[in-house]
Amino acid sequence: MPAYHSAFNEFPDAMQAGNMSILPIRTKIRGPAPLADPEQGDIIDETLDLFRANSLFRNFEIKGPADRLLIILILYISDCLAKIGSARTVPTQIEASKMLNTLSVDSFAIPGDAGFPLNAHYAPPQSRADAEYLRTYLTQVRQELAIRLVERLYADGMGKPSKWWMAFQKRRFMNRSLGS
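Residues numbered from 1 in each chain as written. Predicted model: local features only at pLDDT ≥ 70, side-chain atom pairs only at ≥ 80, totals over all residues. Heavy atoms only, no water.

Considering the pattern of salt bridges
Right, on to step 1. All chains considered together, the criterion is met by six salt bridges.
Right, on to step 2. Ionic pairing is found between arginine 148 and aspartate 42, a salt bridge with its closest N-O pair at 2.8 Å. Residue arginine 148 is located in helix H4 (residues 128-153), and its partner aspartate 42 is located in the loop between strand E2 (20-22) and helix H1 (43-54); the two are separated by 106 residues in the primary sequence. (Salt bridge = Lys/Arg side-chain N within 4 Å of Asp/Glu carboxyl O. Helix = DSSP H or I, 4+ residues; strand = E, 2+ residues; numbered from the N terminus.)

Some thoughts on the packing of aromatic side chains
Pairs of aromatic rings are described using the distance from one ring centre to the other and the angle between the two planes.
Right, on to step 1. Scanning the model with the defined rule gives three aromatic pairs in all.
Right, on to step 2. A ring pair is formed by phenylalanine 51 and tryptophan 165, whose centres lie 5.8 Å apart and whose planes are at 5°; its orientation type is stacked. A residue pair is termed long-range when its members are at least 10 positions apart, and phenylalanine 51 in helix H1 and tryptophan 165 in helix H5 (residues 163-166) qualify at 114 residues.
Right, on to step 3. Among the residues examined, phenylalanine 51 registers a relative accessible area of 0% and is labelled buried.
Right, on to step 4. Classification of tryptophan 165 as buried rests on a relative accessible area of 5%.
Right, on to step 5. Ring centres 5.3 Å apart and planes at 85° place the aromatic pair phenylalanine 116 and tyrosine 122 in the edge-to-face group. Like tyrosine 122, phenylalanine 116 is buried.
Right, on to step 6. One aromatic cluster is present, formed by Phe51, Trp165 and Phe168 through successive ring pairs.
Right, on to step 7. Sitting above the plane of the phenylalanine 108 ring, arginine 135 keeps its charged end 5.8 Å from the centroid. (Phe/Tyr/Trp six-rings, centres within 6.5 Å; stacked < 30°, edge-to-face > 60°. Buried < 20%, exposed > 50% of the residue type's maximum accessible area, 1.4 Å probe, protein only. Lys NZ or Arg CZ within 6 Å of the ring centre and 35° of its normal.)

A look at H1
Right, on to step 1. Of all twelve residues in H1, nine are buried, a share of seventy percent or more.
Right, on to step 2. Among the residues of H1, Ile43, Ile44, Asp45, Glu46, Thr47, Leu48, Leu50, Phe51 and Asn54 are the ones counted as buried.
Right, on to step 3. Contact partners of the buried residues in H1: helix H2 (65-85), H4 and H5. (Contact = heavy atoms within 4.5 Å.)

Points about the environment of arginine 26
Right, on to step 1. Checked against the element boundaries, arginine 26 lands in the loop between E2 and H1.
Right, on to step 2. Put simply, arginine 26 and isoleucine 44 are 18 residues apart on the chain and 8.5 Å apart in space, counted from C-alpha to C-alpha.
Right, on to step 3. Beyond its immediate chain neighbours, meaning those up to four positions away, arginine 26 contacts Ala36, Asp37, Pro38, Gln40, Gly41, Asp42, Asp45, Glu144 and Arg148.
Right, on to step 4. Side-chain polar atoms of arginine 26 contact the backbone oxygen of glutamine 40, separated by 2.9 Å. (Polar contact = N/O pair within 3.5 Å; in protein donor to acceptor, adjacent residues only side chain to side chain.)

Treat this as a map of the structure, not an account of what it does.
Right under this line is the structure:
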């Protein structure tokens, strides 16, 4: 059974940095990301929907530039769950939001950097300006993803993260981690 791919691979007029799509997102966080239609889903919703299914796969065939962004976001969700799971006590929703917001703005490697774990599958940005744009775009997407992930983790109102999500904290998509 093949992994689930992004529906945004066929997105018309998607900008690219390196060989990764720069897709619109629904957000209130300032940044360079184009704004998406509030009535439709975006890449962040798609990532959250496909995370648990795709994290079961070791192999993932990249079918387009949006798949490359999907891979990075799935790996980031894995790091977020590991961060919440490694806390000494079970974090409340507010504590988890703070932890993940800090994780989202921490420095991280982008395609082309020496510490990026999937450099073989990603083209580096063409210029230093493209690299900075990609870094700020990914920071904005990571912040928005952290907000929406916390909303899903604590959706039941019990004050602790959903065990159905936390069960995936040790599972590694493609046996990789962003190393955050």
